[in-house]
Amino acid sequence: MPRFRPVVPHFSQKQAQFQSFTERGEPQHSASRARALRKTLTSLKLDGMLVPRADVFQGEYIPASENRLTWLTGFTGSAGFAILMTDRLPLFVDGRYTVQAKAEVNAKLVTVVPLADTAPDAWLKREATATRIGYDPNLFTARGLARFERAAKEADITLVSLAEDPFAPVWE
C-alpha cells in the first residue's frame, strides 16, 4: 500500500522577497535624511523637532510607513525618542535597547542616551540651544506632551504644534 507523503514546498531565501521578519533601519541614510528634515524645519522657522516612536493610535506596533524614528535614526527597537536639533540628534532608549541602538545607528550623527541617565524632557531643558522646537500633535498623548511643555517653559523654548507632517516632503 502506498504511503501518503505530503508535498511540502521548498522556499529558498531568494524566493522569499516580499516579507522579511527582520527590520532594517538603514542608518547609512540617516545623515541625508536628517539634512533634508532640518532644511524643512528651517523653512518652518524651527530649530528642532521632537520625534517619538509613535503613530496616531499610540500603539506598540506601528507600520514601517509611520516609523519616523527608525527612518531618521536607523534604530529599530520598539521604544525610543529622538530630538532632532540643528547640530545634534540624541536618541533616548531604555536599558533594553542601549546595546542595540549603539549597534544600529550612525554614531557620527546619533548620540545614544540611556533613559536611566537622562529623560528627553530633562535633556531638552538642560541641553537644547534652540528657541523653537516643533512637534506633531498627533504623535503625543496629552500627558506625554505636558512633560515637554513644562521643560520648554523652564528653558524658555517655544514648542510649536505643526499643522502638517514635516516628514512628508522628505520621506522617499
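So, here's what we can say about the structure. All values reported here derive from a predicted model rather than from experimental measurement. (Residues numbered from 1 in each chain as written. Predicted model: local features only at pLDDT ≥ 70, side-chain atom pairs only at ≥ 80, totals over all residues. Heavy atoms only, no water.)

## Focus: the overall build of the protein chain
Secondary structure assignment for the protein chain yields 5 helices and 6 strands. Ordered by position from N to C terminus, the α and β elements of the protein chain give α-β-α-β-β-α-β-α-β-α-β. When each of the 172 residues of the protein chain is scored for burial, the buried share is 43%. Here the protein chain has roughly 10,800 Å² of accessible surface; of this, 54% comes from carbon and sulfur atoms. (Helix = DSSP H or I, 4+ residues; strand = E, 2+ residues; numbered from the N terminus. Buried < 20%, exposed > 50% of the residue type's maximum accessible area, 1.4 Å probe, protein only. Areas by Shrake-Rupley, 256 points an atom, 1.4 Å probe, with all protein chains shown as cover.)

## Some points on the pattern of salt bridges
By the definition in use, this model includes 9 salt bridges. Across the salt bridge formed by Asp-165 and Arg-68, the nearest N and O atoms sit 3.1 Å from each other. With Asp-165 in the segment after β6 (158–161) and Arg-68 in helix α2 (residues 68–73), the pair connects residues that are 97 residues apart, well separated along the chain. For Asp-165, a relative accessible area of 26% puts it in the partly exposed group. Accessibility expressed as a relative area gives 8% for Arg-68, which makes it buried. Between Asp-121 and Arg-147 there is a salt bridge, with its nearest N and O atoms 2.9 Å apart. Taken as a pair, Asp-121 in helix α4 (residues 120–127) and Arg-147 in helix α5 (residues 142–154) lie far apart in primary sequence, 26 residues in all. Classification of Asp-121 as buried rests on a relative accessible area of 16%. Three or more residues joined by partner-sharing salt bridges are found here, namely Asp-87, Arg-88, Arg-126 and Glu-127. (Salt bridge = Lys/Arg side-chain N within 4 Å of Asp/Glu carboxyl O.)

## Details of the side chain of Asp-121
Within the structure, the side chain of Asp-121 is placed 2.9 Å from the side chain of Arg-147, a separation counted as a polar contact. In this view, Asp-121 contacts Arg-147, Phe-148 and Ala-151; residues no more than four positions away in its chain are not counted. (Polar contact = N/O pair within 3.5 Å; in protein donor to acceptor, adjacent residues only side chain to side chain. Contact = heavy atoms within 4.5 Å.)

## Focus on the pairing of strand β4 (residues 111–114)
The side chains of a regular strand alternate between both faces of the sheet. In this sheet, β4 lies alongside strand β3 (residues 90–93) in parallel orientation, the contact comprising 4 bridges. Following the sheet pairing, Pro-90 is matched in β4 by Thr-111. (Pairing = 2+ DSSP bridges.)

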